[in-house]
Amino acid sequence: AQTVTQSQPEMSVQEAETVTLSCTYDTSESNYYLFWYKQPPSRQMILVIRQEAYKQQNATENRFSVNFQKAAKSFSLKISDSQLGDTAMYFCAFMAYLGGSQGNLIFGKGTKLSVKP
Amino acid sequence: NAGVTQTPKFQVLKTGQSMTLQCAQDMNHEYMSWYRQDPGMGLRLIHYSVGAGITDQGEVPNGYNVSRSTTEDFPLRLLSAAPSQTSVYFCASSKPPMGTDTQYFGPGTRLTVL
């Protein structure tokens, strides 16, 4: 069974600084996807970034980037130039790619990020 | 496109009551799923469907029923509500394969069972 672990329940960062959120996972699958979702106080789940395991290049989306270490089964999220609007719960999630169909999302327990002015 | 919609947004039930949480999507997605979110637990999969007429259990299916008669709708039924079902419920959808798409979430339903 796959598991996703986020070891930092809460973090804080000053506005304009950089913060890194950690995520590790455990799987025996070779083909899979990793995601970071953001959940602001509005409760809406918003996809931040996605990484395909077969790609060696780390995904980036504007101020958000990941450090994907496949051998170590690590998938951290770096937020650069933090903004007040980045304050939210962040969830790391895993999905196995089952050869044409898909598995289901498995979530970590989340990291609550507070950006301070 | 409205995306994924859920009704109601909030609901209070008494123990033993039944109700249906509605989920609809207008993106012609084949895959739909229900998650529950509890404090400190992240999101956990309840049931999912890979197409009309096909449903399967997720990690925490007990106490919930689903059906998928159309591509657009995927209702979640609580037959006899229990306080342990107090949670926030999310519906999500996607169009397989995942390599070209991602899961889109509805706004959630906050359910309280007294």
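We now turn to the structure provided with this report. Predicted model only: the values in this text are computed from it and were never measured.

Residues and elements named next belong to chain A. Counted according to the given criterion, the structure contains six salt bridges over all chains. Glu52 is the partner of Lys55 in a salt bridge, and the nearest nitrogen-oxygen pair spans 3.9 Å. Its relative accessible area of 39% is what places Lys55 among the partly exposed residues. Overlapping salt bridges bring together Arg50, Glu52 and Lys55 as one network.

Here we take up the pairing of strand 11 (residues 109-113) of chain B. All names here are of chain B. Only one face of strand 11 is covered, namely the one carrying Thr109, Leu111 and Val113; the face carrying Arg110 and Thr112 has none of its residues buried. Pairing analysis gives four bridges linking strand 2 (residues 10-13) to strand 11, with the strands arranged parallel. Along strand 11, the bridge assignment pairs Val12 with Thr112. Inspection of the sheet shows strand 9 (residues 87-94) paired to strand 11 by three bridges, in the antiparallel sense. Along strand 11, the bridge assignment pairs Val88 with Arg110.

What follows concerns the nonpolar core. Residues Tyr25, Trp36, Phe75, Leu77 and Tyr90 of chain A are the most contacted members of the largest nonpolar core, which totals 26 residues. For this core, the secondary structure elements donating two or more residues are strand 3 (19-21), strand 5 (32-39), strand 6 (46-52), strand 8 (64-69), strand 9 (74-79), strand 10 (88-98) and strand 13 (111-116) of chain A. It is strand 10 of chain A that provides the largest number of residues to this core, a total of five residues. Residues Met19, Leu76, Leu78 and Leu111 of chain B belong to the second largest nonpolar core, which totals 19 residues.

With respect to the element layout, Thr109 of chain B can be found in strand 11. Taking the C-alpha atoms as reference, Thr109 of chain B lies 7.8 Å from Leu21 of chain B; in sequence the two are 88 residues apart. Not counting chain neighbours up to four residues away, the residues in contact with Thr109 of chain B comprise Arg43 of chain A together with Gln6, Thr7, Pro8, Lys9, Leu21, Ser87, Val88 and Tyr89 of chain B. At a separation of 2.5 Å, a polar atom in the side chain of Thr109 of chain B contacts the main-chain carbonyl oxygen of Pro8 of chain B.

What follows covers the side chain of Gln25 of chain B. Residue and element names in this part refer to chain B. Tracing the chain through its elements places Gln25 in strand 3 (residues 19-25). Only 3.2 Å separates the side chain of Gln25 from the backbone nitrogen of Asn28, close enough to count as a polar contact. Among the polar contacts made by the side chain of Gln25, one reaches the main-chain carbonyl oxygen of His29 at a distance of 2.9 Å.

Thresholds applied
- Residues numbered from 1 in each chain as written.
- Chains lettered and ligands numbered in written order.
- Predicted model: local features only at pLDDT ≥ 70, side-chain atom pairs only at ≥ 80, totals over all residues.
- Heavy atoms only, no water.
- Salt bridge = Lys/Arg side-chain N within 4 Å of Asp/Glu carboxyl O.
- Buried < 20%, exposed > 50% of the residue type's maximum accessible area, 1.4 Å probe, protein only.
- Helix = DSSP H or I, 4+ residues; strand = E, 2+ residues; numbered from the N terminus.
- Pairing = 2+ DSSP bridges.
- Core = buried A, V, L, I, M, F, W, Y, C linked by side-chain atoms within 4.5 Å.
- Contact = heavy atoms within 4.5 Å.
- Polar contact = N/O pair within 3.5 Å; in protein donor to acceptor, adjacent residues only side chain to side chain.

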